Structures are given as C-alpha cells and as structure tokens.
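Residue-level structure breakdown
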Amino acid sequence: MFEDDQNLQGVLCINITLLRITEFLKDLYISPNGQSFIIERSGDLVVSSKIEKPFKIQGKGEDAKIERFPANKTEDITIRNTANAFMKRFGSFVAIQNSEQVKFQQNGGWYYAQILPIQDQHGLDWLVVVVVPESDFMTEIKRNTQITIGLCLIALGVATGMGILTASWITKPIFRLNKASHKLAEGDLNQKVKVGGIQELETLANSFNWMAGQLKESFDTLEEKVKERTGQLAEANQEISCLNVRLKSENLRMSAELDIIREMQQLILPKAQELAEIKDLEIVGYMQPADEVGGDYYDILATHGIVTIGIGDVTGHGLERGILMVMIQAAVRTLKEVEEHDPIKFLNTLNRMIYYNIQRMNSDKNLTLAILNYSEGLLSISGQHEEILIVRQNRNIERINTMDLGFPIGLDEDITEFISHTLIELNSGDGVVLYTDGITEAQNSQKKFYELEKLCSIISQNWHQEAEKIKNAVIEDVKLFMGEEKQLDDITLLVIKKK
C-alpha cells in the first residue's frame, strides 16, 4: 500500500495453498461418485477433489523442483478420460471460451462433464471441471420406477378382483335375459323375466317382457298381413314391369334420335377434301365429344375467295347442344351464301336466328362463337370465344382476347353494341390455332387443369412441322396429361397454317 505521495506504507500478503483448495473441493458435495478439479489452459492439473497432491517434488533442498501432472496423464482414470474427452472435441483447452459439456463412456457407463472458464484481471485463467456418472442420478429414478410398478400391480390386482365380483353380480340377471331371448327366438313367446337389485336391468327386463307380448300379438295377425302385403307387391310388380317396357321403348327411341343427331353432326363437319382445296392455307381439325352428343361447333367455308372459319361451344349437356350446333352451322352457311361480309351484321343476324329458336325450344342454352374471315393474307376476327392464338413463323405466339369482340349467342335479342372485330396480317409460315375449353380445362388425377400456357408451349415446340403433326402433338399431350381420367368436356382443335 502506498501513500498519496507514493511512499510505501506496508505490504499485505495472503497465501492460499493448493491443499486448501483441494480440501474445499473435497467438502463440496456433487454426487455420491461425482468429483471436481481445476486445470490450466496448458492442460496441467491445478487441484482435484480426489488427488491429494496434483504434483510431485523431485530433488531436495534448494535443488528441489515441482513437476505438475497433465490432466490427461494423471493416475485418476476419471480425470484422465474427462480431459481426453474435452481434447478430442475442442483440440486444446485454449479453444474453450465458454461453459461446455461432454459425454463419454468409462467402465461400461456414461459420464457427464461440464467445464467453465474462470478469469480475472490479474491473469488468473483456470478451467473448472465437474464430472458426474450417469448412475448417480439414475439410481433414484430406477428405484422410484420399481416402486411405481409395484403399486400399479397391486392396484391392478385389487381392480381385477373387484371387477370379477361386480361382473358376477351383473351378469347373472343378464344370463337369465339371454336364456329367455333364446327361447323367444326358438318360437316360445310365453317368456317373462324377473330381475331385481339393479334398476337398469329391471327396466331392461320390463322392456323385454313388453316386447315378448307385442311379438305374440303380432304373430297372431301376421299371416293375414302377409297375404295382404303379397297382393300389394304383386300389383306393384305388375306396374314396374309395365314401366320397364315403356322405359325400354323410350331408351330405344332416344338412342335412335341421338344416333341421328350424332350422324348429322359428323356429316356437316368439313371434309378433308374440302380443306385440301383451299390453296393458301393448310387446315386440319379435330373434335371428340365427351357425351353421346357433342356441343362444340367448328366449320370452314370457302366461297368467293373468302375463307370463313367458325368455332363455338354450347353450354350444358344433352340433346339440345347437338341441335343448336346444327342450327349454327346452317345459319353460318346461309349468311355466307347471301354474301354478308359485315362482321357486326353477320353475328347479330345469326344471334337473332338462334335466340328465337332457343325461345321456341323453351331452353336456357347459349354459346360462345368466334367468326374468322381470311383473304389474301388478312385475317378478320369477331365474336366472343376462348383466346385465339396467332402463331408466327419464328414460333412466337400472340394471344388475342375476344371478350370485347362479341357477346354469347342466344342470350339477348340484339347484341349489335357488343360486337367488334380486329384485323391480323398473316405472312408465310404464320398461322392460327383455335380450340375449346375442353383442352385448357382437361383434368388429371390431381384435379389440375391442362391450362393455356401448356397448350402454347406444345404448339411453339412443333410449329416447324405440318399442321397435321402439330394437331397430333397437341392431342397426344392432352391425353398423356389426363392419363386414366374421364373426358369431362368436348375437345375441339383447329390448326391453320399459311403455306
């Protein structure tokens, strides 16, 4: 200690020997077989709760030297294994900067060790280690487990005995009920059961006795009721037979009508020879109905140097769809023959014809319909349908949204204000792809849709081929996507390519 003017006042010294620290660690209870020790960063042992002197003195007198024990080479196997475990994990004791834990095996049992660095501003830098064998804290757990198992077995035995007694008390009246029910099943209806002691079983016995009385009364009048019911069933069977005959006749008639409509639809589709005569365009079509009668429409008519292409989709299912499809084809051909080239007048006139026929049929059907007119490299598009795909020679695809080009056919008497048209120029190698939603909304086993993006991708990949091969590639890809799933809607595809 120094005064303010730095004159020495005195020296105070406190000596704490390693043996005192060793005694402190011995008095520190960790567990029955646990121990603690302190080591330096070099790995030398400082003190231990198990080793009296963690060093040895070589020589005598002034030549005496103190030799420290490395922790991993001490005579105590636990200290030695603990030090080796930390060295194996961290490489050296210098690398340990925080409290860490390791687990190692010794003599067939697991030991858990924790190390904690202790440092101060005077240069003290020790590592305090505590080691506890797993058996110290598992012994009590095992003993408690054994006691618990014993108590459970005793409780189980008591519960089993009480259960047997209770079951015997309950099952005796139930057995009497069971015996009476067997006699009742054998036809002996004069059965009465008396049960006492348990209210629920008394109620069950009373119900059984009442049921036996009701059965006896019912059997007395059963034969008469059976005869009456047999007569009613015979009459009903006769009526059903008549209905089956009528239904069979109706089914044959409807099947014949469906065959006629289906044949009409196939007859009015454009033939391959007609399409081949169109010199400027390469055209192929495909239509596969989902039902016996389809509701998709497509047609190609070439007159007076103008190629008119129509594609549509009638809503719903059934016979009415096929009839409307035939009506549309007839109306389009009629307007073509009278040389109506104005797209607005063309679609509005066609709409009125279909609208009045739908009203006469008392139907709620309508359809989307797009009309395309091609002449000398120019393509006119009008009417509302699915997006129209313009495919360029370089395989780029332009998607034409038709929502603003028309209105569903048959919904309103006059749709003039909704009709518009757009012009597209087609060069050599360019083309058009038309389709119905039976392609884009085709589903696979995961209920996912085929979608327009996948259709565009297949078309783009195969556009360098002929129109027939492009059509085949699309249809094969759609069927591969659907797998074993049933076709839910009509599938129609038109591929048109400028030669």
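Look up: the structure comes first, before these words.
To keep things clear, this report deals only with the structure shown in the data block. For every chain, the first residue of the written sequence is number 1, and numbering continues from 1 onward in sequence order. Restriction of local features to residues with pLDDT of at least 70 applies here, the model being predicted, together with a cutoff of 80 or more for giving and counting side-chain atom pairs; totals for whole chains, interfaces and linings are based on all residues. Side-chain figures throughout are based on the complete set of non-hydrogen atoms in the structure, without hydrogens or water.

When you go through the chain residue by residue, the secondary structure sums to 10 helices and 17 strands. Looking at the chain residue by residue over its 499 residues, the buried ones come to 37%. Pairs of residues are marked as contacts when any of their non-hydrogen atoms sit within 4.5 Å. When contacts within the chain are restricted to residue pairs at least 6 apart in sequence, long-range pairs at least 24 apart make up 62% of them. Using a 1.4 Å probe, the Shrake-Rupley method yields the accessible areas, and only the shown protein chains count as cover for residues. Carbon and sulfur atoms form 54% of the exposed surface of the chain, whose accessible area is close to 30,600 Å². The numbering of helices and of strands both runs from the N terminus, where a helix is a DSSP run of H or I of at least 4 residues and a strand a run of E of at least 2. Burial classes follow relative accessibility: with a 1.4 Å probe on protein chains only, a residue under 20% of its type's maximum area counts as buried, one over 50% as exposed, and anything between as partly exposed.

So, on to helix α2 (residues 77-90). With 14 residues, α2 should cover 20 Å at 1.5 Å per step; its first-to-last C-alpha distance of 20 Å lies within 8% of that length. Regarding α2, the residues found buried are Thr78, Ile79, Thr82, Ala83, Ala85 and Phe86. Take α2 and look down its axis: the buried residues cluster within an arc of 155 degrees, on one side only. Looking at the packing, one finds that the buried side of α2 touches β1 (35-40), β2 (45-48), β5 (100-106), β6 (109-119) and β7 (125-133). Its side-chain oxygen at 2.9 Å from the backbone nitrogen of Thr78, Asp76 defines the N-terminal cap of α2. Note on α2: the residue one or two positions beyond its end, Gly91, has a positive phi of about 90 degrees. Multiplying one less than the number of residues by 1.5 Å gives the expected span of a helix. Working definition: the arc comes from the directions between the helix axis and the C-beta atoms, pointing outward to the latter. Polar contact criterion, stated in full: a pair of N or O atoms within 3.5 Å, where within protein one must be able to donate a hydrogen and the other to accept it, and residues adjacent in sequence count only if both atoms are side-chain atoms.

Further remarks concern a negative patch on the surface. A cluster of acidic residues, Asp412, Glu413, Asp414 and Glu417, forms a negative patch at the surface. Checked against the element boundaries, Glu413 lands in the loop between β14 (397-400) and β15 (421-425). Patch membership needs two things, relative accessible area over 30% and no salt bridge, and members are linked within 9 Å if like-charged or within 5 Å if nonpolar (Val, Leu, Ile, Met, Phe, Trp, Tyr). By convention in these notes, a salt bridge is any Lys or Arg side-chain nitrogen within 4 Å of a carboxyl oxygen on Asp or Glu. Under the convention used here, Asp and Glu are negative, Lys and Arg are positive, and both His and the chain ends fall outside the count. Lysine's charge is taken at NZ, arginine's at CZ, aspartate's at CG and glutamate's at CD.

Moving on, we get to the sheet that holds strand β17 (residues 491-498). Note on pairing: two strands pair once DSSP finds at least 2 bridges between them. Sheet architecture is open: five strands sit in the order β8-β17-β16-β13-β14, paired in antiparallel fashion. Since the sheet does not close on itself, it has two edges, and those belong to β8 (281-288) and β14, each with one partner. The average undirected angle you get between the axes of adjacent strands in this sheet is 15 degrees. By the bridge criterion, three bridges tie strand β13 (residues 388-391) to strand β16 (residues 431-435) in an arrangement that is antiparallel. By the bridge assignment for β16, Val391 is matched with Gly431. Every axis corresponds to a line fitted to the C-alpha atoms, with the helix fit spanning only the stretch in contact, and the corresponding angles, defined between N-to-C directions, vary from 0 to 180 degrees.

What follows deals with the packing of aromatic side chains. For Phe, Tyr and Trp, where Trp contributes only its six-membered ring, two rings pair if their centres lie within 6.5 Å, and the inter-plane angle classes them as stacked under 30 degrees, edge-to-face over 60, or tilted in between. Tallied over the full model, the rule gives five aromatic pairs. Both rings, one in Phe86 and one in Phe90, keep their centres 6.4 Å apart while their planes meet at 20 degrees; by these two values the pair is stacked. With Phe86 and Phe90 both in helix α2 and four residues apart, this pair spans about one turn of that helix. Overall, Phe90 belongs to the partly exposed group, its relative accessible area being 21%. Relative to Phe418, the ring of Phe407 lies with its centre 4.5 Å away and its plane at 20 degrees, an arrangement referred to as stacked. Note that Phe407 is positioned in the loop between β14 and β15 and Phe418 in the loop between β14 and β15, a separation of 11 residues in sequence. Seen from the ring of Trp110, Lys103 lies directly overhead, with NZ or CZ sitting 4.3 Å from the centre. For a lysine, the NZ atom is tested; for an arginine, the CZ atom; a charge sits over a ring if that atom is within 6 Å of the ring centre and within 35 degrees of the ring normal.

A word on the side chain of Asp299. Structurally, the position occupied by Asp299 is in strand β9 (residues 296-303). At 5.1 Å, Arg333 is the nearest oppositely charged side chain to Asp299, a buried residue that forms no salt bridge. Within the local environment of Asp299, its side chain forms a polar contact with the side chain of Gln329, the two groups lying 2.9 Å apart.

For Asn362, which is not a glycine, the phi torsion comes out positive at approximately 55 degrees. Mapped onto the secondary structure, Asn362 falls in the loop between α7 (343-361) and β11 (367-375). For Arg395, which is not glycine, the phi torsion reads 80 degrees and is therefore positive. Mapped onto the elements of the fold, Arg395 is located in the loop between β13 and β14. Overall, the relative accessible area of 35% leaves Arg395 in the partly exposed class.

What follows covers the pairing of strand β12 (residues 378-382). If a strand is regular, its side chains alternate between the two faces of the sheet. The buried fraction of β12 is high, at four of five residues. With five bridges joining them, β11 and β12 adopt antiparallel strand pairing. Looking at the pairing, Ser375 lines up with Leu378 of β12. Between β11 and the antiparallel strand that follows it, β12, lie two residues; Glu376 among them carries a positive phi value of about 50 degrees. In the sheet, β12 pairs with β15 via five bridges, with the strands oriented antiparallel. Across the sheet, the residue bridging to Ser382 is His421, located in β15.

Here we take up the sheet that holds strand β10 (residues 306-314). Across the sheet, five strands lie side by side as β9-β10-β11-β12-β15; this open sheet has antiparallel pairing. Unpaired on one side and paired on the other, β9 and β15 mark the two borders of the sheet. Neighbour-to-neighbour, the strand axes of this sheet turn through a mean angle of 15 degrees, independent of strand direction. In this sheet, β10 lies alongside β9 in antiparallel orientation, the contact comprising eight bridges. Residue pairing across strands places Leu301 opposite Thr308, the latter belonging to β10. Sitting on the sheet, helix α6 (residues 319-337) touches β9, β10 and β11, and the angle it makes with β9 is about 15 degrees. The strands touched by α7 within the sheet are β11, β12 and β15, with β11 carrying the most contacts at an inclination of about 145 degrees.

Turning to the pairing of β13, a few remarks are in order. Neither face of β13 is left uncovered, since the one carrying Ile388 and Ile390 and the one carrying Leu389 and Val391 both have all their residues buried. Between β13 and the antiparallel strand that follows it, β14, lie five residues; Arg395 among them carries a positive phi value of about 80 degrees.

On to the pattern of salt bridges, then. Within this structure, the stated rule accounts for 12 salt bridges. One salt bridge connects Glu100 with Arg89, and the closest N-O pair in it is separated by 3.9 Å. Placement of Glu100 in strand β5 and of Arg89 in helix α2 is noted, with a sequence separation of 11 residues between them. Notably, a salt bridge pairs Lys365 with Asp364, separated by 3.9 Å at the nearest N-O pair. Overall, Asp364 belongs to the exposed group, its relative accessible area being 64%.

Quick look at the environment of Asp477 now. With respect to the helices, strands and loops of the structure, Asp477 is situated in helix α10 (residues 467-482). Each C-alpha atom, one on Asp477 and one on Ile458, is 7.9 Å from the other, the two residues being 19 residues apart in sequence. If we skip the residues at most four places from it in the chain, Asp477 touches Tyr450, Lys454 and Ile458.

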